[in-house]
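One letter stands for each residue in the lines below.
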Amino acid sequence: MTRRVLKACRLGLGLAILPGLALAQTMLPQDPGLGAGGMGGTSPLWSDEAALAPTATPLGNEVLGDRTPGAAALKAVDPDADVTLPGRDPGGTQDDAATVLADSMVLQGDRTLIAAGGVVVWYQGARLVASRIVVDGASGNLTIEGPIHLSRPGAANPEEEAVLVADSGQLDRELQDGIIRGARLVLARELQLAATKLTRTGNGRMTNLRNVVASSCQICASDPTPLWEIRARAITHDAETRLITFDHPQFRALGIPLAAAPFALTAPDPTVERRTGFLRPEFRTTSGLGFGVKLPYFVTLGDHADVTVTPYVSASRTRTLELRYRQAWSNAVTEWNGAITRDDIRPGETRGYVFGNALVDLPRGYRLGVQLQAASDRGYLLDYDITEADRLWSGFTLERITRDKLFFGRVGNYHSLRDDEDNSTSPAQVADVIWQRRFTPDYIGGQGLLEWSIHAHRRPSDQDELGRDMARASVGLNWRRSEILPGGVVGAALAGIDADIYRIAQDSRFDDVVTRADPMVGVELRWPLIGGKGGVTHLVEPVAHILYSPAGDDDDIPNEDSRLIEFDEGNLFSESRFPGWDAREGGLRANLGVTWTRLDPTGWSLALTGGRVLRADPERAFPDGSSLSGTSSDWLVAAQYDSGNGLAIANRALFDDGFDISRNELRLGWLRNDLQLSAGHLWLDGDVAETERADISELVANVGWQIREGWWGTAETRYDFNADQAQRASLDLTYRNECLTVDMGVSRRFTSSDSVRPETSIGLSVRLGGFGASEDLPGTVARRSCMR
């Protein structure tokens, strides 16, 4: 089946003065090219579940995480099946009988039927509600007295698509064509078109309204002036193409004319998700570029592809053309984003970027990925609010994941945009292959894991030491078998061996070829205990994880992938806390810990985890003074609280026997309908050798709250307490009522370098309701109330 590229953005204010071109409608989870303020309209939807944040960017099924940005998320959907095709047969025959319900019905001698009082007629998918109808016996035509309520015949969902409301009218026997007086056409319960006269032709396909007013705003009898309206000589609605054509439209706000067009304009009705034409304009002001306007033009290339062309012009500062191309096949999907710019920030230079990726489903469950990332400079990505990434990766990936096997391979090139990094002396060309298989051994039982891996990287420099190139091939075999012992103790036996061969080039400090083998044996004892009283459940589980492997000496192998070491409850019971292959823990060691969990019948829960690592001899690979150095590690204590109604708190601390804290991390999440709070504070002791930097004390917070009905605010900050300044801060506001959405935001980036300077950005976007499908946003919608 052909897949269709997902939706894009919104119709916006200011389009009434454009030439008579079709206005576009598509949707994305986030509109492309928004200002640095981010706009309140791009906030994610939240569930009632508790969440802790800030959280890392999800890596999905990626085996290796390198903190480089991924390209745009690739998604596709099946073509929309709920459309009316040309020449569609509404079903049945012309002689099918209608169902009529009324308080009274009279059949006259000429077979004229008069029905009065609460009349309801069902016929071939159409429903007519009126106070009185007269059916001519010869022709079958209907004369109708209102108030009239008529749903469109053949509609996939009559209640949510076009509905006709009128004072009186005349229709044919199929309830499709005819003349309606004092009519209002309501589209998807959003857009209302009111006219003195309405004519339906083409078996109900074309609806023509004369001297018409269109608006999606609530109109009250006491104050009939809507917030905005479009007046036109005539408006035509095509039920098949789902397009609305305005003849000589005039746009008014609060009754005041603001714009007019002496020609026809076309816009999608509220049921349209993709349509060629202009998207809503975006207004952006930055300290570096000044005031600017983006005017995206969206082009559909069938159900499977589209192109978005976005000119961006700011006050004598930039001339930018942005492009986005998306396409989907039955087994593949791709998206490419790019821009080319001439601006005053770097006079005389052509700046730009291109980000693209593709996913292809191959036979036997394999998936091929392609990614290209290139930019003229890091400042460009920040100036134009593309990404804050400072390293880019381009290359190919191939993966296959099944129940008991995993294959992952990638080859590509890294490019750093940091001022303090030299691409010639950093690993640029990198290749990785990982193959894993999980199996059950014969005779000894348990579960085994066999792994093969290959890694190679190259530095472009030919200098000795600085241009070191490396290649590694590794094989690992691990086995684990668990049994329940007397007293409910769960015991496990562990064994494994890892072997590597290294090829080291352009570094005279190391041998060209180095081999290494690290066997490991161990046991694990767990004693899960459960108890409770009064509905409260307590879970306690002490764990002893004892391992032995010969103490290694890795001084003859450069440590390229295991320099950043973490110690938390996630790896407290790991065989090695080094994140890569170049360094491994050795010697006799015991990972000891205990977990206590309290489950309350009212819904809240509390969990505590504590533990440390004991060694017979210090592990030299850990830096002196770090949390894992010496014969005993720092104490690890972690706590998690979940209120059961949206509030979650987690804290993790590392401290020594003297209670000197070396690390503390606090995270808080509180999710309610009117509040979305996500915050985290990290403190690191700079005296610890593994950090090699000053103390770190940073706060990251993001909060969204319902200011009042219709108003949703979002604030975000990253604050460095040691530097006593924010790294970035932003404030976004969104106002929504039944017919209008306004997004406005201001942000400030405080970081600076030789190529990046601080910048303030202000963004504004306006969307009129009723044109194209709308997206769900957090918060409430302000609705006008008509008081009698």
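Notes on the overall build of the protein chain
Working step 1: Regarding its fold elements, the protein chain presents 1 helix and 45 strands.
Working step 2: Counting over 788 residues, the protein chain shows a buried share of 43%.
Working step 3: Contacts in the protein chain between residues far apart in sequence, at least 24 positions, make up 51% of those at least 6 positions apart.
Working step 4: Summed over its atoms, the accessible surface of the protein chain is roughly 38,500 Å², and 55% of this surface lies on carbon and sulfur atoms.

Quick notes on the side chain of Thr320
Working step 1: For Thr320, the position within the fold is in strand E22 (residues 318-328).
Working step 2: For Thr320, a relative accessible area of 6% puts it in the buried group.
Working step 3: One polar contact links Thr320 to Thr318, side chain to side chain, over a distance of 2.8 Å.
Working step 4: The contact partners of Thr320, leaving out residues within four places of it in the chain, are Thr310, Pro311, Tyr312, Ala339, Ile340, Thr341, Tyr380 and Tyr384.

Topic: the state of the cysteines
Working step 1: Scanning the entire structure with this criterion turns up 1 disulfide.
Working step 2: Covalent S-S linkage joins Cys217 and Cys739, the inter-sulfur distance amounting to 2.1 Å. For the disulfide bridge between Cys217 and Cys739, the dihedral angle about the S-S bond is near 85°, and by the sign convention the bridge is right-handed. Remark: Cys739 occurs in the loop between strand E43 (725-736) and strand E44 (740-749) and Cys217 occurs in the loop between strand E11 (206-215) and strand E12 (228-238); sequence separation between them is 522 residues. Comparing Cys217 with Cys739, the two get one shared label, buried.

Concerning the side chain of Arg584
Working step 1: Examined against the element boundaries, Arg584 turns out to sit in the loop between strand E34 (536-549) and strand E35 (587-599).
Working step 2: At 3.1 Å, the side chain of Arg584 and the side chain of Asp518 are in polar contact.

Digging into unusual backbone geometry
Working step 1: The backbone of Leu254 sits at a positive phi, close to 55°, despite the residue not being glycine.
Working step 2: In this fold, Leu254 is placed in the loop between strand E14 (250-253) and strand E15 (256-260).
Working step 3: One non-glycine residue, Asp724, adopts positive backbone phi at about 55°.
Working step 4: By secondary structure assignment, the location of Asp724 is in the loop between strand E42 (711-720) and E43.

Comments concerning the pairing of strand E40 (residues 675-684)
Working step 1: With 9 bridges connecting them, strand E39 (residues 661-671) and E40 associate as antiparallel partners. Across the sheet, Leu671 pairs through a bridge with Gln676, a residue of E40.
Working step 2: Taking the residues between adjacent antiparallel strands as the criterion, E39 and E40 are bridged by 3 residues.
Working step 3: Looking at chain direction, E40 and strand E41 (residues 696-708) are connected through 10 bridges and run antiparallel. Its bridge partner being in E41, Leu675 is matched across the sheet by Trp705.

Comments concerning the packing of aromatic side chains
Working step 1: On inspection of all chains with the given rule, the structure shows 13 aromatic pairs.
Working step 2: An angle of 15° between the planes, with centres 6.4 Å apart, marks the rings of Phe283 and Phe291 as stacked.
Working step 3: What makes Phe291 partly exposed here is its relative accessible area of 45%.
Working step 4: Summarising the aromatic geometry, the rings of Trp711 and Tyr735 are spaced 5.0 Å apart at their centres and angled 45° between planes, so their arrangement reads as tilted. On the criterion of sequence distance, the pair formed by Trp711 in strand E42 and Tyr735 in strand E43 is long-range, its members being 24 residues apart.

Topic: the pattern of salt bridges
Working step 1: Summed over all chains, the structure comprises 45 salt bridges.
Working step 2: The salt bridge partner of Arg205 is Glu240, with a shortest N-O separation of 3.3 Å. Of this pair, Arg205 sits in the loop between strand E10 (191-201) and E11 while Glu240 sits in the loop between E12 and strand E13 (243-247), and the two are 35 residues apart along the sequence.
Working step 3: Notably, a salt bridge pairs Glu569 with Arg652, separated by 2.7 Å at the nearest N-O pair. Of the two residues, Glu569 sits in the loop between E34 and E35 while Arg652 sits in strand E38 (residues 647-655), which places them 83 residues apart along the sequence.
Working step 4: By relative accessible area, which is 27% here, Glu569 ends up partly exposed.
Working step 5: Relative accessible area serves as the criterion here: at 17%, Arg652 is assigned to the buried category.

Some remarks on the confidence of the model for the protein chain
Working step 1: Per-residue confidence for the protein chain averages 81 on the pLDDT scale, and 83% of its residues sit at or above 70.
Working step 2: Long-range and interchain partners of residues 1-63, a stretch whose pLDDT sits below 50, account for 234 contacts in this model, where long-range means more than four residues apart.
Working step 3: Predicted confidence for residues 76-95 stays below pLDDT 50, and this span has 32 contacts to residues more than four positions away or in other chains.

Here's the deal with the nonpolar core
Generally speaking, a soluble globular protein has its nonpolar side chains buried in company with each other.
Working step 1: With 44 residues, the main nonpolar core has Leu128, Ile133, Leu175, Leu193 and Trp228 as its most contacted residues.
Working step 2: For this core, the leading source of residues is strand E6 (residues 126-135), giving 5 residues.
Working step 3: If you look at the next biggest cluster of nonpolar residues, it comprises 11 residues, including Leu289, Ala339, Leu392 and Leu417.

Regarding a positive patch on the surface
Working step 1: On the surface, a cluster of positive charge is made up of Arg181, Lys197, Arg210 and Arg233.
Working step 2: Mapped onto the elements, Lys197 comes out in strand E10.
Working step 3: Here Lys197 falls in the partly exposed class, since its relative accessible area comes to 40%.

Procedures and definitions
Residues numbered from 1 in each chain as written. Predicted model: local features only at pLDDT ≥ 70, side-chain atom pairs only at ≥ 80, totals over all residues. Heavy atoms only, no water. Helix = DSSP H or I, 4+ residues; strand = E, 2+ residues; numbered from the N terminus. Buried < 20%, exposed > 50% of the residue type's maximum accessible area, 1.4 Å probe, protein only. Contact = heavy atoms within 4.5 Å. Areas by Shrake-Rupley, 256 points an atom, 1.4 Å probe, with all protein chains shown as cover. Polar contact = N/O pair within 3.5 Å; in protein donor to acceptor, adjacent residues only side chain to side chain. Disulfide = S-S within 2.5 Å. Pairing = 2+ DSSP bridges. Phe/Tyr/Trp six-rings, centres within 6.5 Å; stacked < 30°, edge-to-face > 60°. Salt bridge = Lys/Arg side-chain N within 4 Å of Asp/Glu carboxyl O. pLDDT = per-residue confidence, 0-100. Core = buried A, V, L, I, M, F, W, Y, C linked by side-chain atoms within 4.5 Å. Patch = residues over 30% accessible without salt bridge, like charges linked within 9 Å, V, L, I, M, F, W, Y side chains within 5 Å. Lys, Arg positive; Asp, Glu negative; His and termini not counted. Charge placed at Lys NZ, Arg CZ, Asp CG, Glu CD.

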